[in-house]
Amino acid sequence: MIPAGLSLEQAPPFGVPLRFFLTAPWFLVLAALLILWQGPGIFASRWSPATLALTHLLTLGFMAQVMIGALLQMLPVVVGVVVPRPRLTAALIHIPLTLGTLALSAGLWVGLPPVFRLATWLLGLAFGVALTAIHIALWRAPVASGTVVTLRCALTGLLATVGLGLWLSGFFGWGWRLPVLAVANLHAGWGLLGWTVLLVAGVAYQVVPMFQITPPYPPRFVGAFALLVSGLLVAWSLLLAGGWETAARLAASGLAVATASFAGITLYLLAQRRRKIGDASLNYWRLSLISLLAAAGLWLWAQASPARAQAPQIELALGILMIAGFALGVINGMMYKIVPFLAWFHLQAQLFGRIKVPNMKQLLPDAAIRRQWWAYLAALLLLLAAVLYPSLFSVPAALALGVTGAWLGFNLTQVGLAYRRLSRAAEPAPDPSSAGV
Amino acid sequence: MSAPADIVVDGRGLEPPEPMELVLAALEHLQPGQRVRFLIHRQPYPLYDLLRRHRYRYETTTLASGEFEIVISGP
């Protein structure tokens, strides 16, 4: 039977997810440096080369990095299926993903086809390994629970995003002729909704009730949400490809309403939490969901007229709300739960009864999280302000983004170092779990 | 001679992993023959992993409220 909760018996070594989590924050710092270097012009249009580079530093360098690392950790625990050769698989994803993100951003920024081709091969390898390993695990899952169905839909969303991205790289790297704007819009839609929103939903069904002590999500919502979003995305894509613009806008409106319903239900559940004292990760969840709600509202409003939908400021604001608000916020908040928890749990498994293991709050004090939270909040608000007044706000926005990224990296590295110190202290005695193996 | 009274640990409504921290602290003070009675609002799967690993015996009962009672005794 698959438990409704999490089982850590099958968890991979801590180093498997940790390498992704410790790399990701530094891509926020790189993104900040790019904004500083480029100046206010980066906020002129989502299509300018530096802006495309910035987008991929955030989506691949930060988001995909953490999301894939977390999936490698979660799949064995939630679904009960082991990812084969976890350390090797993680390395074969992590290294080309990191290098490929750097190459892609450089290629988009300076427009050099050979750099693009290198990025295509590296990212193709990283996502090829990730999709194969994760798909094998997910389709082997013995029970199709709501979370499993949602994760399968999210993985299909990632497959579509990567496929469309590789197709686009044909244009940039090899000079293929293709309808770039339409394909790029589909690439962004599948990446942000079909992959990111659905993955966050699948994870939220587990971690919101567990860590925030809320009632569970309504089962009918869990059963329907991922299938509805995936179905609407397919319809939206086909209608756009067929040139039925009005009908495509209708499908897009449906996507906005569905996404808003996930944000609304989760905010409602958080309001029902049993424990009334808030913590910093709750702030992250709330701000992330409010950003998602605002993005859905803005998208819905933009569907009313094509002029609105293509206005550069609206497109940029949507991107910032979805990427810097929704995705960065929820990922940042969840890492603060996941990383100390895994460190604590792995230490407890190794050291119980021999050395006193520090608790989660000692591994990562609330005060450290709270200070980084204020930098994150400032970064989000300044980025949104920079859409309207780029010359005034682009430098402060970049500085705040760099500070919050470096601070997150520092906080997580402290946990990693404490883990290494304590687990080394315990090395002389054998781990009881490996006895007789 | 009768066994010492059970140690009761109430982890209901606490944020993970506080309930598990409380249980593990209680287990460290367990006297021979003594048991820990642990009340919790959801199935503590990670705790089961640790208990099995360190060869504790445990028995889980679902309470009428939907919460769980786990009785743990020494290895």
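Residues numbered from 1 in each chain as written. Chains lettered and ligands numbered in written order. Predicted model: local features only at pLDDT ≥ 70, side-chain atom pairs only at ≥ 80, totals over all residues.

For the rest of this paragraph, the subject is the overall build of chain A. Regarding its fold elements, chain A presents 14 helices and 0 strands. Starting at the N terminus and walking to the C terminus, you meet the elements of chain A as α-α-α-α-α-α-α-α-α-α-α-α-α-α. Computed over C-alpha atoms, the radius of gyration of chain A comes to 21 Å, within 12% of the 22 Å expected from 2.2 N^0.38 for 437 residues, which places it in the range of a compact globule. Projected onto the principal axes, the alpha-carbon positions of chain A cover approximately 65 × 45 × 45 Å. Counting all 437 residues of chain A, 52% fall into the buried class. The long-range fraction of contacts in chain A, counting pairs at least 24 apart against all pairs at least 6 apart in sequence, stands at 76%. (Helix = DSSP H or I, 4+ residues; strand = E, 2+ residues; numbered from the N terminus. Rg over C-alpha atoms; globule rule 2.2 N^0.38 Å. Buried ≥ 20, exposed ≤ 12 C-beta atoms within 10 Å, placed from the backbone. Contact = placed C-beta atoms within 7 Å.)

On to the overall build of chain B, then. Each helix and strand counted, chain B has 2 helices and 4 strands in total. Here the C-alpha radius of gyration of chain B, 12 Å, is about what a compact globule of 75 residues would show, namely 11 Å. If one aligns the C-alpha atoms of chain B with their principal axes, the spans along those axes are about 35 × 25 × 15 Å. Evaluated residue by residue, chain B yields a buried proportion of 28% over its 75 residues. The contacts in chain B between residues at least 6 apart in sequence include a share of 60% that link residues at least 24 apart.

Residues and elements named next belong to chain A. Helix length check: helix α5 (residues 146–174), at 29 residues, gives a terminal C-alpha distance of 41 Å against a target of 42 Å (1.5 Å per residue), a fit within 8%. Most of α5 is tucked away, with 21 of its 29 residues classed as buried. Just past α5, the residue Gly175 takes up positive phi, approximately 75 degrees. (Expected span 1.5 Å × (residues − 1).)

All names here are of chain B. Direction of pairing for strand β1 (residues 7–10) relative to strand β2 (residues 35–40): parallel, over a ladder of 4 bridges. What sits directly across from Val8, in β2, is Arg37. Where the polypeptide runs from β1 across helix α1 (residues 18–28) and back to β2, its parallel neighbour, the crossover connection is right-handed. (Pairing = 2+ DSSP bridges. Right-handed = clockwise from strand over helix to strand, strands pointing away.)

With that settled, consider the sheet that holds β2 of chain B. Residues and elements named next belong to chain B. In space, the 4 strands of this open sheet follow the order β1-β2-β4-β3, with mixed pairing throughout. Strand pairing shows two members of the sheet lacking a second neighbour, β1 and β3 (57–62), which therefore form its edges. Each strand of the sheet is rotated relative to its neighbour by a mean of 20 degrees, with strand direction disregarded. Of the pairings in the sheet, the one linking β3 to strand β4 (residues 68–73) comprises 6 bridges and is antiparallel in character. Directly across from Thr61, in β4, lies its bridge partner Glu69. With respect to the sheet, α1 is in contact with β1, β2 and β4, its orientation differing from that of β2 by roughly 170 degrees. (Axes fitted to C-alpha atoms, helices over the stretch in contact; angles between N-to-C directions.)

The next subject is unusual backbone geometry. Of note, Ile213 of chain A is a non-glycine position whose phi angle comes to about 50 degrees, a positive value. Along the chain, Ile213 of chain A falls in the loop between α6 (180–212) and α7 (219–242). In this model, Arg55 of chain B sits at a positive phi of 65 degrees, which is unusual for a non-glycine residue. Looking at where Arg55 of chain B falls in the secondary structure, it is placed in the loop between α2 (45–53) and β3.

Take the confidence of the model for chain A next. Residue and element names in this part refer to chain A. In this model, chain A carries a mean pLDDT of 91, and residues with pLDDT of at least 70 account for 95%. Taken element by element, the predicted model of chain A shows its lowest mean pLDDT in helix α10 (residues 306–309) (81) and its highest in helix α1 (residues 15–38) (97). Per-residue pLDDT stays below 50 along residues 1–5; that stretch engages in 11 contacts with residues further than four places along the chain or on separate chains. (pLDDT = per-residue confidence, 0-100.)

Moving on to the nonpolar core. Residues and elements named next belong to chain A. Membership of the largest hydrophobic core comes to 172 residues, with the highest contact counts inside it found for Leu75, Val229, Leu255 and Ala397. When residues in this core are grouped by element, the largest group, 25 residues, is from helix α11 (residues 312–351). Setting aside its immediate chain neighbours within four residues, Leu255 contacts Leu193, Val229, Leu232, Leu233 and Trp236. (Core = buried A, V, L, I, M, F, W, Y, C linked by C-beta atoms within 7 Å.)

The predicted coordinates ought not to be read in detail in places where the model reports low pLDDT. Residues of chain B with pLDDT of at least 70 account for 97%, and the chain-wide mean is 88. Our summary of model confidence lists the complex with pTM equal to 0.90 and ipTM equal to 0.77.

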